[in-house]
Amino acid sequence: MSDDAPAYPFRLPDALSPPPEWAALRAEEPVAEVRLPSGDRAWLLTRYEDVRRVLSDSRFTRHPAGAGAARVTANEGGGVFGEKLTEDELHHRWRQMISRGFTPKRVRALRPRIEAMADSLVDAMIERGAPADLLRALGFPLPRWVICDQLGVPDADRDRFAHWSDTMLAMTRFTQAEIDAAQAEFAAYFAAHIAAKRAAPGDDLLSEFIRFADGFGEQLPEEVLIGTSQGLLVAGYETTAGMIGKTAALLLAEPDRWARLRAEPGLVRTAVEEALRFDANPGFGVPRYLSVEIEVAGRTLPAGSMVVCSVGAANRDERAFADADRMDLGRTPNSHLAFGVGPQVCVGQALARVELHAVLRVLARRLPSLELAEPPSELGVREGLVVGGLERVLVRW
């Protein structure tokens, strides 16, 4: 690997536009060497078929098999890249447990409550008046309420998770000491919460996970339950909150898009899928460690290498999507990779979709005159985290 590899992640020209490197690399260097925040080197994949192929291969995991492998960040302990579930059987049991909580039947049953909560949050936003930050009023509170409700977290504790969540998703925003301190608090909270649920189970997901885990005894140790609770809260809160903000901003940045959605409310489903595909700021990407040598786009990559699958770049690939740089609210089919693919596909994707659908339905019905209160070019990007997002989405109506 060379000494002059470009720094990754790339900087965005503005909050809603993709970095120009995506198109250039897809055309000229689909397997490109990049320098990670840790200073280590990795291979970046930007074409749809290459990304899909690597993500679909069960031999490649998020975590290295041995010492000396590339690191995403210098501060990895306790963060999202510090999780390690590398034993095949343990990982299988873990995904079994998670999947039980997000069955289609269970998620469908949540729809009325989620939409009612979105309505309630919009009521409060209207009462406070415009301009309002849609992220603070709706984007963060809704998914936080949903996932905390599912985990049986008391209302009084729900505001404690924002900092803990950010430290788990940090690349450059926090020091290792700050990450360690926050994660110790986070783990201690869930250890106590799990103990309370074990003593007095409810009908929440965490109680169900405990019953399932206890059936396997030592095969699914306590730290897995703690890590699962943390991971679900972070994934179910931060990523969905960020996507609510980005979806609203994409639709409102071009008034014709919002007008079309208002006129055709049946487009909510395909509009959400297109926002997921079109997202120019999905975050770092998906790392995979190669357990064997493979050839990708004519380049041989040795075993032990780290590959970063740029889902955002792949979702803009003209080879997979006609007019890929145009947002088409009615696009179908739309086989985007926003939730991944293969053995480690996002198990909570159905819940995320329900929340995004609810937000768009409620906003279109309650606030048809909704518009951005500042130019799209002034939207700020959240920096230093693994996931993409905006600092604020100011709106008026």
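Please refer to the structure placed before this passage.
Just so you know, these numbers come straight off a predicted model, no measurement behind them. (Residues numbered from 1 in each chain as written. Predicted model: local features only at pLDDT ≥ 70, side-chain atom pairs only at ≥ 80, totals over all residues. Heavy atoms only, no water.)

Turning our attention to the pattern of salt bridges. Across all of its chains, the model carries 28 salt bridges by this definition. Its salt-bridge partner being R382, residue E238 comes within 2.3 Å of it at the nearest N-O pair. Here E238, found in helix α10 (residues 222-253), pairs with R382, found in the loop between β8 (371-372) and β9 (394-396); they are 144 residues apart in sequence, far enough to count as distant. R382 shares its class with E238; the two are buried. For the salt bridge of D317 with R319, the shortest nitrogen-to-oxygen distance reads 2.8 Å. Residue class for D317 comes out buried when judged on its relative accessible area of 1%. Salt bridges here are not isolated pairs; linked through shared partners, they connect R260, E264, D323, R326 and D328. (Salt bridge = Lys/Arg side-chain N within 4 Å of Asp/Glu carboxyl O. Helix = DSSP H or I, 4+ residues; strand = E, 2+ residues; numbered from the N terminus. Buried < 20%, exposed > 50% of the residue type's maximum accessible area, 1.4 Å probe, protein only.)

What follows covers the packing of aromatic side chains. For the structure shown, the criterion picks out twelve aromatic pairs. With a centroid separation of 5.5 Å and an interplanar angle of 90 degrees, the aromatic rings of Y48 and F321 are classed as edge-to-face. Here F321 lies in the loop between α13 (311-314) and α14 (349-366) and Y48 lies in helix α2 (residues 48-56), a separation of 273 residues in the sequence. When the ring of F161 is compared with that of W164, the centres are 5.5 Å apart and the planes differ by 70 degrees; the resulting orientation is edge-to-face. Of this pair, F161 and W164 both sit in helix α7 (residues 161-168), separated by three residues, roughly a single helical turn. Summarising the burial analysis for this pair, F161 and W164 share the class buried. Ring pairs connect the aromatic residues F161, W164, F186, Y189 and F190, which therefore count as one cluster. The residue whose ring lies beneath R277 is F321, and the NZ or CZ to ring-centre distance is 5.2 Å. The ring of F278 is capped by R316, whose NZ or CZ atom sits 3.8 Å from the centre of that ring. (Phe/Tyr/Trp six-rings, centres within 6.5 Å; stacked < 30°, edge-to-face > 60°. Lys NZ or Arg CZ within 6 Å of the ring centre and 35° of its normal.)

Looking now at the pairing of strand β2 (residues 41-45). Within β2, four of the five residues are buried, which leaves it mostly tucked inside the rest of the structure. Pairing analysis gives five bridges linking strand β1 (residues 31-35) to β2, with the strands arranged antiparallel. Bridge pairing links A32 to L44 in β2. Linking β1 to β2, which pair antiparallel, is a turn of five residues; within it G39 sits at a positive phi near 95 degrees. As paired elements, β2 and strand β7 (residues 306-309) share three bridges and run parallel to each other. (Pairing = 2+ DSSP bridges.)

A few words on the side chain of T228. Turning to its location among the elements, T228 is positioned in helix α10. On the basis of relative accessibility, which here comes to 2%, the residue T228 falls in the buried class. A polar side-chain atom of T228 sits 2.7 Å from the main-chain carbonyl oxygen of V224. (Polar contact = N/O pair within 3.5 Å; in protein donor to acceptor, adjacent residues only side chain to side chain.)

With respect to topology, three strands assemble into an open sheet ordered β3-β9-β8, the strand pairing being antiparallel. Strands at the two margins of the open sheet, each flanked by one partner only, are β3 (132-133) and β8. Two elements, β8 and β9, share two bridges in a ladder whose sense is antiparallel. Looking at β9, one finds that L372 is bridged to V395.

We now examine the sheet that holds β7. Here four strands make up an open sheet; going across it, the order is β1-β2-β7-β4 and the pairing mixed. The sheet terminates laterally at β1 and β4 (286-289), the two strands that pair on one side only. In this sheet, neighbouring strand axes are inclined to one another by 35 degrees on average, regardless of whether the strands run parallel or antiparallel. (Axes fitted to C-alpha atoms, helices over the stretch in contact; angles between N-to-C directions.)

Residues I114, L138, L142, F161, L261 and L363 are the most contacted members of the largest nonpolar core, which totals 87 residues. At 14 residues, the largest contribution of residues to this core is made by α10. Residues in contact with L138, not counting those within four places in the same chain, are A118, L121, V122, P143, V359 and L363. Among the nonpolar cores identified, the runner-up in size contains 20 residues, and W43, L290, V296 and C309 belong to it. (Core = buried A, V, L, I, M, F, W, Y, C linked by side-chain atoms within 4.5 Å. Contact = heavy atoms within 4.5 Å.)

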